[in-house]
Amino acid sequence: MMNVAGRVSNGTMPDESDEFSDVLQARILVVDDDRDLTELVRRELVSLGFTVDSVEFAEDALMAARDTAYALMIVDLGLPDRDGLELVRDMRNRMIEAPILVLTARNRVEDRVTGLSNGADDYLVKPFAVPELRARVAALLRRPSRLKGNHLSVANIVVDRDSLEAMVAGGSLPLPLKQFQLLELLVRRKNHVTPKRMIEEALYGYNDEVSTNSIEAQVYKLRQALRSAGAEATIETRRGIGYRLVELKPGEA
């Protein structure tokens, strides 16, 4: 089962991690059945401000990657149910495009070439130093995203996932991280009602304590921000179900 390792509540980076400041609170998946190593990686990434999910089995990783837009996945090759390279290849075949950093004890050039040809983006040979882990994570997160649809729009609202910026009528709309994530989700699902449970999983870690009115509070604040900025769309509430971003009709305030 999936285990969320942690998150940073204020969305800011520690001073020593300026190299990660442009990706803010990205979500990373660690796939490894070595719990000591996973805890080491988790602790380092959380200290840098990332949200970290961890799983031990390839099938759980595939399910998690289908359901969550990870900024990066760290995959060990020696998984208990499948070879890690098979998992990487399967992810790419399913159009899961997040960068993949492979952890391996296999240090032959042939092994690395095979991994890269199967869809891995980089290799980290065990045992490794923590500074090298940081450097490789930073390098992968700085690469231009291969994901399509990084510029999303509804009416006069534009969400830029690369720069983590929202705009209304061409002007910047400064938003706290949670509200930006909420807006991105609603814009991406502009033709569908987004269930509260989906919003909760997108905004918070699976093990985070979320109060009963947390989602309502975030929706209210975002709705007010859009209205104040002159957005030509608003958040519609479907009671008992969820929320949908809808374009306003001419003349509607």
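Keep in mind the model is a prediction, meaning the values are calculated, not measured.

Right, let's talk about the overall build of the chain for a bit. When its secondary structure is counted, the chain shows eight helices and 13 strands. Counting every position in the chain, which comprises 253 residues, the buried fraction comes to 48%. Restricting the contact set of the chain to residue pairs at least 6 apart, pairs at least 24 apart contribute 60%.

Judged by nonpolar contacts, the single largest core of 27 residues is most densely connected at Leu 175, Leu 183, Leu 222, Leu 226, Ile 235 and Leu 245. Elements supplying a minimum of two residues to this core: strand S7 (151-154), strand S8 (157-160), strand S9 (165-168), helix H6 (177-188), helix H7 (196-203), helix H8 (214-228), strand S12 (233-238) and strand S13 (242-247). No other element matches H6, which puts six residues into this core. Setting aside residues up to four positions removed in sequence, Leu 222 forms contacts with Leu 175, Gln 179, Leu 182, Leu 183, Leu 186 and Ile 235. Grouped together as the second largest cluster of nonpolar side chains are 23 residues, Val 55, Leu 62, Met 73 and Ala 98 included.

Taken together, four strands build an open sheet; the order of strands is S7-S8-S9-S10 and the sheet is antiparallel. Each of the sheet's edge strands pairs with one partner strand only, and the pair in question is S7 and strand S10 (171-172). This element, H6, spans S7, S8 and S9 of the sheet and lies at about 110° to S8.

Turning our attention to the confidence of the model for the chain. Taken as a whole, the chain shows an average pLDDT of 81; of its residues, 82% reach a score of 70 or greater. For the stretch residues 1-17, pLDDT sits under 50, and the model shows 49 contacts to residues farther than four places along the chain or on other chains.

Turning next to helix H3 (residues 84-93). Burial runs high along H3: seven of the ten residues are buried. When we look at burial in H3, the residues that qualify are Gly 84, Leu 85, Leu 87, Val 88, Asp 90, Met 91 and Arg 92. The N-terminus of H3 is capped by Asp 83, whose side-chain oxygen sits 2.8 Å from the backbone nitrogen of Leu 85. Immediately downstream of H3, the backbone of Met 95 shows phi near 65°, a positive value.

What follows covers the pattern of salt bridges. Considering all chains together, one arrives at 17 salt bridges under this definition. Arg 188 serves as the salt-bridge partner of Glu 184, at 4.0 Å between the closest nitrogen and oxygen. Of this pair, Glu 184 and Arg 188 both sit in helix H6, four residues apart, roughly one helical turn. The class for Arg 188 is partly exposed, based on a relative accessible area of 41%.

What follows covers the sheet that holds S13. Overall, antiparallel pairing links the three strands, which are arranged S11-S13-S12 in an open sheet. For this open sheet the edge positions go to strand S11 (194-195) and S12, each flanked by a neighbour on one side alone. Relative to S13, S12 runs antiparallel, the two being bridged by six bridges. Each residue of the ladder has a partner; that of Arg 238, found in S13, is Gly 242.

Take the packing of H6 against H8 next. It is the contact of H6 with H8, at a shortest axis distance of 10 Å, that shows an interaxial angle of 80°. By the angle between their directions, the pair H6 and H8 is classed as roughly perpendicular. Judged by residue contacts, Lys 178, Gln 179, Leu 182, Leu 183 and Leu 186 of H6 engage Gln 218, Val 219, Lys 221, Leu 222 and Leu 226 from H8. Here the residues of the contact of H6 with H8 sort into six nonpolar, two polar and two charged.

The next thing to look at is the environment of Leu 37. Summarising the element assignment, Leu 37 is placed in helix H1 (residues 35-47). It is 10.0 Å that separates the C-alpha atoms of Leu 37 and Lys 126, two residues lying 89 residues apart in sequence. Those residues in contact with Leu 37, other than ones at most four positions away along the chain, are Asp 32, Leu 103, Lys 126 and Phe 128.

Turning next to the pairing of S13. Strand direction decides the pairing type here: S11 and S13, joined by two bridges, are antiparallel. Directly across from Pro 195, in S13, lies its bridge partner Gly 242. Where S12 folds back onto S13 in an antiparallel hairpin, the turn is made up of three residues, including Gly 240, whose phi is positive at roughly 80°.

With that out of the way, let us pick up the packing of H1 against helix H5 (residues 130-142). Viewed as axis vectors pointing N to C, H1 and H5 meet at an angle of 60°, and their least axial separation amounts to 11 Å. Relative to H5, H1 is oriented oblique. The element H1 and its partner H5 pack so that their crossing is right-handed. Counted together, Leu 40, Val 41, Glu 44 and Leu 45 of H1 and Val 130, Leu 133, Arg 134 and Val 137 of H5 form the full contact between these two elements. Residues of the contact of H1 with H5, tallied by class, amount to six nonpolar, no polar and two charged.

Quick notes on the rules
- Residues numbered from 1 in each chain as written.
- Predicted model: local features only at pLDDT ≥ 70, side-chain atom pairs only at ≥ 80, totals over all residues.
- Heavy atoms only, no water.
- Helix = DSSP H or I, 4+ residues; strand = E, 2+ residues; numbered from the N terminus.
- Buried < 20%, exposed > 50% of the residue type's maximum accessible area, 1.4 Å probe, protein only.
- Contact = heavy atoms within 4.5 Å.
- Core = buried A, V, L, I, M, F, W, Y, C linked by side-chain atoms within 4.5 Å.
- Pairing = 2+ DSSP bridges.
- Axes fitted to C-alpha atoms, helices over the stretch in contact; angles between N-to-C directions.
- pLDDT = per-residue confidence, 0-100.
- Polar contact = N/O pair within 3.5 Å; in protein donor to acceptor, adjacent residues only side chain to side chain.
- Salt bridge = Lys/Arg side-chain N within 4 Å of Asp/Glu carboxyl O.
- Parallel < 35°, antiparallel > 145°, perpendicular 65-115°, else oblique.
- Nonpolar A, V, L, I, M, F, W, Y, C, P; charged D, E, K, R; others polar.
- Left-handed = near helix turned anticlockwise from the far one by under 90°.

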